[in-house]
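Next come the chains, spelled out residue by residue.
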Amino acid sequence: MVDIVSHEHLMIARKIKRLIALYNENEDFLITGNYQEGINQELDQAIRHLPSIISFLQQDLSQIESIESTYKKLKELYNLTTTKKKITIGKKS
């Protein structure tokens, strides 16, 4: 990937992959309601934006996108990760 995309593109992709990994690493805490918002800002971002990330990654096979269009959408997704919004996690006991 480093040979075919810009440094910015690579850094954005790494950030999105990091959010996915962070969510997956903490999924048990989230499902059981053992995570409290604010403990980990990056995990809070992952929780808030996972639905948008999954939607971006699940492009239909019949949908054809140019690299420019895909990169634009990736940047928009990345920019979302800088917003702060109240989150709801798991079940409360």
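The following refers to the structure shown. (Residues numbered from 1 in each chain as written. Predicted model: local features only at pLDDT ≥ 70, side-chain atom pairs only at ≥ 80, totals over all residues. Heavy atoms only, no water.)

### Observations regarding the pattern of salt bridges
This structure, assessed with the given rule, holds 4 salt bridges. Arg18 is the partner of Glu42 in a salt bridge, and the nearest nitrogen-oxygen pair spans 3.5 Å. Of this pair, Glu42 sits in helix 3 (residues 41-57) while Arg18 sits in helix 1 (residues 7-25), and the two are 24 residues apart along the sequence. By relative accessible area, which is 35% here, Arg18 ends up partly exposed. Among the charged side chains, a salt-bridge network with shared partners connects Lys15, Arg18 and Glu42. (Salt bridge = Lys/Arg side-chain N within 4 Å of Asp/Glu carboxyl O. Helix = DSSP H or I, 4+ residues; strand = E, 2+ residues; numbered from the N terminus. Buried < 20%, exposed > 50% of the residue type's maximum accessible area, 1.4 Å probe, protein only.)

### Topic: the environment of Ala21
In this structure, Ala21 sits in helix 1. We classify Ala21 as partly exposed; its relative accessible area is 30%.

### Section: the packing of helix 1 against helix 3
Packed helices, taken two at a time, are described by the angle between their axes plus the distance between the axes. Interaxial distance between helix 1 and helix 3 falls to 8 Å at its minimum, and their mutual angle equals 110 degrees. As judged from the angle between their axes, helix 1 and helix 3 are roughly perpendicular. In terms of crossing hand, the pair formed by helix 1 and helix 3 is left-handed. Taken together, the residues of helix 3 that come into contact with helix 1 (itself represented by Lys15, Ile16, Arg18, Leu19, Ile20, Leu22 and Tyr23) are Glu42, Leu43, Gln45, Ala46, Ile47, Leu50, Ile53 and Leu57. Of the residues contributing to the contact of helix 1 with helix 3, the split by class is 11 nonpolar, 1 polar and 3 charged. (Axes fitted to C-alpha atoms, helices over the stretch in contact; angles between N-to-C directions. Parallel < 35°, antiparallel > 145°, perpendicular 65-115°, else oblique. Left-handed = near helix turned anticlockwise from the far one by under 90°. Contact = heavy atoms within 4.5 Å. Nonpolar A, V, L, I, M, F, W, Y, C, P; charged D, E, K, R; others polar.)

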